[in-house]
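Chain by chain, the residues:
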Amino acid sequence: RRSLRNATYTHIYDGIYEKIDHILVSDHFSPNNKQALGKTLYVQSYNDHLIDHTLKGAFIDKSVSDHGQLVATLEINE
């Protein structure tokens, strides 16, 4: 399913769209840390496979995860 808007939910349950999955990044990648080892460049949420089962006629494939996937791109200092 393709969303026409930027949607950051990672789980749907009983018609409620929530962001419950997270990527935890240590202080070593914080822009406020003067001794940082690198930085976080980009974070993407892949949730097009999530289905709201409260929608009429929605088919739920039991072999597909019911959580979105989060992917982060980190840049490591040389």
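All values reported here derive from a predicted model rather than from experimental measurement.

A word on the overall build of the protein chain
Of the regular secondary structure elements, the protein chain holds 0 helices and 4 strands. Reading the secondary structure of the protein chain in the N-to-C direction produces β-β-β-β. For the protein chain, buried positions account for 19% of its 78 residues. A sequence separation of at least 24 residues applies to 64% of the contacts in the protein chain between residues at least 6 apart. Working note: accessible area of the protein chain is about 6500 Å², and carbon and sulfur atoms make up 52% of it.

Focus on the side chain of His-11
With respect to the helices, strands and loops of the structure, His-11 is situated in strand S1 (residues 11–13). The class for His-11 is buried, based on a relative accessible area of 10%. Non-local contacts of His-11, meaning those with residues more than four positions away in its chain, are made with Ile-16, Tyr-17, Glu-18, Ile-20, Leu-50, Asp-66 and His-67.

Concerning the confidence of the model for the protein chain
Confidence in the prediction of the protein chain, expressed as mean pLDDT, is 82, and 90% of residues score 70 or more. The element-level mean pLDDT for the protein chain is lowest in S1, coming to 83, with strand S4 (residues 69–76) highest at 91.

Quick look at the packing of aromatic side chains
Using the criterion set out here, one finds 1 aromatic pair in the structure. Residues Tyr-9 and Tyr-17 carry aromatic rings whose centres are separated by 4.8 Å and whose planes lie at 85° to one another, so their mutual orientation is edge-to-face. Given the relative accessible area of 38%, Tyr-17 is considered partly exposed.

A word on unusual backbone geometry
Phi at Asp-14 takes a positive value of approximately 55°, unusual for a residue other than glycine. Structurally, Asp-14 can be placed in the loop between S1 and strand S2 (16–18).

Reading the values: the criteria
- Residues numbered from 1 in each chain as written.
- Predicted model: local features only at pLDDT ≥ 70, side-chain atom pairs only at ≥ 80, totals over all residues.
- Heavy atoms only, no water.
- Helix = DSSP H or I, 4+ residues; strand = E, 2+ residues; numbered from the N terminus.
- Buried < 20%, exposed > 50% of the residue type's maximum accessible area, 1.4 Å probe, protein only.
- Contact = heavy atoms within 4.5 Å.
- Areas by Shrake-Rupley, 256 points an atom, 1.4 Å probe, with all protein chains shown as cover.
- pLDDT = per-residue confidence, 0-100.
- Phe/Tyr/Trp six-rings, centres within 6.5 Å; stacked < 30°, edge-to-face > 60°.

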